[in-house]
Amino acid sequence: MSPLPVAIESPLPRIVGALCLRVIRPGDALPLQRLLAANRSWLGPWEATHPSGRGAEPGSVPLRPMIRQMRRQQRAGQSLAFVMVYGDEVVGQLTVSDISGGALRSASIGYWISEHAAGRGITPVAVALAIDICFEELQLHRIEICIRPENAPSLRVVEKLGMRFEGRRARYICIAGEWCDHDTFAVTREDVPAGMLARLTEAGIGVR
Ligand SMILES: CC(C)(COP(=O)(O)OP(=O)(O)OC[C@H]1O[C@@H](n2cnc3c(N)ncnc32)[C@H](O)[C@@H]1OP(=O)(O)O)[C@@H](O)C(=O)NCCC(=O)NCCS
């Protein structure tokens, strides 16, 4: 049963210039798998890993079953997975997870983009679009993003979005085999009455 007051219907794709944020589908498995395999050293330092050391290396397992699982989680109201498409190419992924209903109505966002597409401002705009979907369509109230203090490019993403620093969680997530501190950034609906994309646009930030 969905923890949300509304079922998670697949939101329509949202487009800004050459960027499209749309819900993941089974046909994305192959391009995503290729990207994950080609970006091992780029993504490795930031990827959550199983504390036991077990579990397959990301990019080494078939993604189609994982995408089916993501779609099941969407139907269960637990998470919502997107791909970032730039031009006609899938370049990264964004996931809204840990969706809580009731008195919380909150969720977390995580993301990655292929190294060859980095530095064009794609992720901040994609995150803004996802936050707007969360507030407008999922009726959520608070979105958070947790980032390792060493991850300067990702810290820059939340800086562009103007998200609020709420503190450091010690040894919060197991990353590349180590329990790592994470800084928490958040936005609530009241912070962006006209929406997060509007805030970015007003600040002159967009896809390059
Ligand atoms: C963090 C990440 C998603 C940023 O995405 P992006 O689409 O490149 O975001 P932006 O284009 O806004 O770039 C953000 C900053 O990254 C830095 N950057 C740009 N190009 C870069 C490159 N090729 N390599 C490293 N850093 C780069 C710049 O400091 C940039 O800030 P600027 O625009 O003020 O110059 C991306 O770097 C990434 O996927 N990293 C690996 C996975 C990861 O860290 N995920 C997030 C975990 S919390």
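Just so it is clear, the structure is predicted and the values come from calculations on it, not from any experiment.

Colleague: Just give me the short version of helix H1 (residues 29-38), but keep the residues and values in it.
Modeller: Turning to H1, its buried residues number three or more, namely Leu-32, Leu-35 and Leu-36. When H1 is viewed along its axis, its buried side chains cluster within an angular range of 100° and face the same direction. Buried positions along H1 lie against helix H3 (63-75) and strand S4 (89-100).

Colleague: Tell me about the site of the ligand, and please be specific about residues and values.
Modeller: Looking at the ligand, there are 19 residues lining it, with Ala-118, Gly-119, Thr-123, Pro-153 and Ser-154 nearest. Put simply, the parts of the chain that give the shell around the ligand at least two residues each are helix H2 (40-43), strand S5 (106-113), helix H4 (122-136) and helix H5 (152-161). For the shell around the ligand, the element with the highest residue contribution is H5, accounting for four residues.

Colleague: So what's going on with unusual backbone geometry? Residues and values would help.
Modeller: Negative phi is the rule for most residues except glycine; trans is the rule for most peptide bonds. Located in the positive-phi region is Asp-98, a residue other than glycine, with phi close to 50°. Here Asp-98 shows up in strand S4. On the basis of neighbour counts, which here come to 14 C-beta atoms within 10 Å, the residue Asp-98 falls in the partly exposed class. Phi is positive for Arg-105, close to 50°, though the residue is something other than glycine. Structurally, Arg-105 can be placed in the loop between S4 and S5.

Colleague: I'd like to hear about the pairing of strand S3 (residues 80-86), residue by residue, with values.
Modeller: For S3, a buried count of six out of seven residues is recorded, marking the element as mostly surrounded by other parts of the structure. As defined by bridge partners, strand S2 (residues 19-23) adjoins S3 across five bridges and the pair is classed as antiparallel. By the bridge assignment for S3, Val-23 is matched with Phe-82. Where S3 and S4 come together, seven bridges link them in antiparallel fashion. Looking at the pairing, Phe-82 lines up with Leu-94 of S4.

Colleague: Give me the lowdown on the nonpolar core, citing residues and values where you can.
Modeller: One finds Met-84, Ala-126, Val-127, Ala-128, Ala-130, Ile-131 and Cys-134 to be the most contacted residues of the largest nonpolar core, which totals 51 residues. A total of 11 residues in this core trace back to one element, the largest contributor, which is H4. The contact partners of Ile-131, leaving out residues within four places of it in the chain, are Ile-143, Val-187 and Met-196.

Colleague: Explain the packing of H4 against H5 residue by residue, including any values.
Modeller: In helix packing, the relevant descriptors are the interaxial angle and the interaxial distance, both defined with respect to the helix axes. The contact between H4 and H5 brings their axes to 9 Å, and the two run at 55°. Judged by the angle between their axes, H4 and H5 are oblique. In this structure, the crossing between H4 and H5 has a hand that is right-handed. On the side of H4, the interface is formed by Thr-123, Pro-124, Val-127 and Ala-128, while H5 contributes Val-157, Lys-160 and Leu-161. Classifying every residue of the contact of H4 with H5 gives five nonpolar, one polar and one charged.

Rules and cut-offs
Residues numbered from 1 in each chain as written. Predicted model: local features only at pLDDT ≥ 70, side-chain atom pairs only at ≥ 80, totals over all residues. Buried ≥ 20, exposed ≤ 12 C-beta atoms within 10 Å, placed from the backbone. Helix = DSSP H or I, 4+ residues; strand = E, 2+ residues; numbered from the N terminus. Arc of directions from axis to C-beta. Contact = placed C-beta atoms within 7 Å. Near = placed C-beta within 6 Å. Pairing = 2+ DSSP bridges. Core = buried A, V, L, I, M, F, W, Y, C linked by C-beta atoms within 7 Å. Axes fitted to C-alpha atoms, helices over the stretch in contact; angles between N-to-C directions. Parallel < 35°, antiparallel > 145°, perpendicular 65-115°, else oblique. Left-handed = near helix turned anticlockwise from the far one by under 90°. Nonpolar A, V, L, I, M, F, W, Y, C, P; charged D, E, K, R; others polar.

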